[in-house]
Amino acid sequence: MGFTCGIVGLPNVGKSTLFNALTATQAAQAANYPFTTIEPNVGKVAVPDPRLDKLAVLAKSVKVVPNQISFVDIAGLVKGASTGEGLGNQFLGHIREVDAVLHLVRCFEDGNVIHVNNKVDPVADAETIETELMLADLDSLERRVNGLEKKARGGDRDAKALMPVVDKLIKALREGTPANRVAFEGAEKLLVPGLQLLTGKPLLYVCNVGEADAATGNELTQRMAAKAKAEGRGHVVICASMEAELAGLSDAAEQAEYLGAAGLKESGLTQVIRAGYDLLGLITFFTVGPTETRAWTIPKGAKAPQAAGQIHSDMERGFIRAEVIGYDDYVAQGGEQGAKAAGRMRSEGKEYVVQDGDTMLIRFAV
């Protein structure tokens, strides 16, 4: 299970530069004018996880397979996108298909890079995008109302259950509250994802700064941090141009030296992915052996059979038990045999809740 993040924002905030850096490709054309990106570009990158390589070394694995994350570079949205400005309807549709939204905001001054509103104000920029997403959601829901009412009058149970949810969301959106900040409980909460609302997507603010502010941020990122905190959202600070430079360095030692010189301990990619996992409530477990060591992504709280299903549906269907070694125990004992000899391998059944970093051997029969 991987996940897909859509990179959104106003034109000229650095989306295509970031996309190119994250995927180490030049698939998205970065240029100094709006609407360079006309179709969404999709790139997959390996999820950096030092645990994976350490496990592979201990197991003498021939092959190492990391998790992957997909990034979608969605063209710049502008004021009026919800009514079609700047090909807005087309681009808004692309957002509906992603698991999470990375909202890139410009937190740097550069007279050589025009700003669509002629003023660098990341909070105002973020509010412009959110307003367009809310207007698009409102339009989508209002279009559903007549059909739902007809079905409800005809006795359709699903329509009857959905109507109060839609009514509550319409009221909230009209008052300027995005869908992901509207409280639902019980059965109603389960109906919201099916509406595919843009403002219902998990969202992370990504503050794009100049090189001088990559390690410390600046006054603009502080304002975005306050906004994110008030909304209960996360934020990260990166320098897209530095990420592009970093992507051009293939040697790990060179990358570490480059980051260290900038006062950074890790890349923006690592920060974004870690924040993305937290945003979506995801964890990683591993399968380890001489043939292959592989990372797998599952939702936090998933039980052992669900984890087995990520490997193969037959494993979930015929699940018997899982032989589990925690990552720390696996490393501390020098591998599977050492962990087993030390009594650190556990046999877990169908109700076991998988923990981040677990190494698992699935026993199944079909």
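Asks: When you look at the overall build of the protein chain in this model, what are you seeing that I'm missing?
Replies: Secondary structure assignment for the protein chain yields 14 helices and twelve strands. Looking at the protein chain residue by residue over its 366 residues, the buried ones come to 48%. Residue pairs in contact within the protein chain that sit at least 24 positions apart in sequence constitute 69% of those at least 6 positions apart. Carbon and sulfur atoms make up 50% of the accessible area of the protein chain, which amounts to about 17700 Å² in all.

Asks: Please explain unusual backbone geometry as it appears in this structure.
Replies: Trans is the prevailing form of peptide bonds, just as negative phi is the prevailing case for residues other than glycine. In this structure, K60 is a non-glycine residue whose phi angle is positive, near 55°. Take K60: it is sitting in the loop between α2 (50-59) and β3 (63-65). Here Q196, not a glycine, exhibits a phi torsion of approximately 50°, which is positive. Owing to a relative accessible area of 35%, Q196 belongs among the partly exposed residues under this scheme.

Asks: Teacher, can you tell me more about the sheet that holds strand β7 (residues 234-238) here?
Replies: Hydrogen bonding along the main chain pairs the strands of a sheet, whether they run parallel or antiparallel. If you walk across this open sheet you meet the six strands as β2-β4-β1-β5-β6-β7, and the pairing is mixed. Looking at strand neighbours, the two that pair on one side only are β2 (41-46) and β7, the edges of this open sheet. Neighbour to neighbour, the strand axes of the sheet diverge by 25° on average, direction disregarded. Bridging between strand β1 (residues 3-8) and strand β5 (residues 100-106) involves four bridges; their strand directions are parallel. Following the sheet pairing, G6 is matched in β5 by V101. On the sheet, helix α10 (residues 268-280) packs against β1, β2, β4 (68-73), β5, β6 (203-208) and β7 and is oriented at approximately 175° with respect to β7.

Asks: Quick question: what am I supposed to make of empty space enclosed by the protein here?
Replies: Gaps left between atoms show up when a probe the size of a water molecule is rolled over them. Under the defined criterion, the tally for this structure stands at three cavities of 30 Å³ or more. Lining of the largest cavity is provided by 13 residues; of these, E130, L133, T199, L203 and R233 occupy positions nearest its centre. At the level of elements, β5, α4 (122-153) and β6 are the ones that each hand at least two residues to the lining of the largest cavity. Per-element accounting of the lining of the largest cavity gives the leading share, four residues, to α4. Surrounding the second largest cavity, A214, V237, I238, C239, M242, E243, L264, G268 and Q271 form its lining. Those elements giving two or more residues to the lining of the second largest cavity turn out to be β7, α8 (240-247) and α10. Partitioning the lining of the second largest cavity into residue classes produces six nonpolar, two polar and one charged.

Asks: Help me understand the nonpolar core, please; the structure alone is not making it clear to me.
Replies: Side chains that are nonpolar tend, in soluble globular proteins, to be buried together. Of all hydrophobic cores here, the largest spans 55 residues; its most connected members are I7, I69, F71, I95, L102 and M224. With residues near it in sequence (within four places) discarded, I69 still touches F3, C5, G43, K44, V45, V47 and I273.

Asks: Would you mind going over the pattern of salt bridges with me for this structure?
Replies: Where charged atoms from two side chains of opposite charge come close, those side chains can pair. Counting across every chain of the model gives 17 salt bridges. For R51, the salt bridge is made with D356, and the minimal N-O distance between the two is 3.1 Å. Note that R51 is positioned in helix α2 and D356 in the loop between β11 (346-348) and β12 (359-364), a separation of 305 residues in sequence. Given the relative accessible area of 44%, D356 is considered partly exposed.

Asks: How should I be thinking about the packing of α8 against helix α9 (residues 252-261) in this particular structure?
Replies: Describing two packed helices takes the angle between their axes plus the distance from one axis to the other. For the pair α8 and α9, the least separation of the axes is 10 Å and the interaxial angle reads 155°. It follows from the interaxial angle that α8 and α9 lie roughly antiparallel. Crossing handedness for the pair α8 and α9: right-handed. Residue-level inspection shows M242, E245 and L246 of α8 in contact with α9, the latter providing Q255, Y258 and L259. Looking at side-chain class alone, the contact of α8 with α9 contains four nonpolar, one polar and one charged residues.

Asks: Whenever I open this one, the packing of aromatic side chains confuses me. Can you help?
Replies: Throughout the structure, instances matching the rule amount to one aromatic pair. A ring pair is formed by F285 and W296, whose centres lie 6.4 Å apart and whose planes are at 15°; its orientation type is stacked. Taken together, the positions of F285 in strand β8 (residues 282-287) and W296 in strand β9 (residues 292-299) put the pair eleven residues apart, joining distant regions of the chain. Taking relative accessible area as the criterion, F285 reaches 0% and is therefore assigned buried.

Procedures and definitions
Residues numbered from 1 in each chain as written. Predicted model: local features only at pLDDT ≥ 70, side-chain atom pairs only at ≥ 80, totals over all residues. Heavy atoms only, no water. Helix = DSSP H or I, 4+ residues; strand = E, 2+ residues; numbered from the N terminus. Buried < 20%, exposed > 50% of the residue type's maximum accessible area, 1.4 Å probe, protein only. Contact = heavy atoms within 4.5 Å. Areas by Shrake-Rupley, 256 points an atom, 1.4 Å probe, with all protein chains shown as cover. Pairing = 2+ DSSP bridges. Axes fitted to C-alpha atoms, helices over the stretch in contact; angles between N-to-C directions. 1 Å grid on protein atoms, 1.4 Å probe; cavity = no way out; pocket = protein on both sides within 12 Å on 5 of 7 lines; lining within 4 Å. Points joined across faces, edges and corners; volume = space filled by probe spheres on them. Nonpolar A, V, L, I, M, F, W, Y, C, P; charged D, E, K, R; others polar. Core = buried A, V, L, I, M, F, W, Y, C linked by side-chain atoms within 4.5 Å. Salt bridge = Lys/Arg side-chain N within 4 Å of Asp/Glu carboxyl O. Parallel < 35°, antiparallel > 145°, perpendicular 65-115°, else oblique. Left-handed = near helix turned anticlockwise from the far one by under 90°. Phe/Tyr/Trp six-rings, centres within 6.5 Å; stacked < 30°, edge-to-face > 60°.

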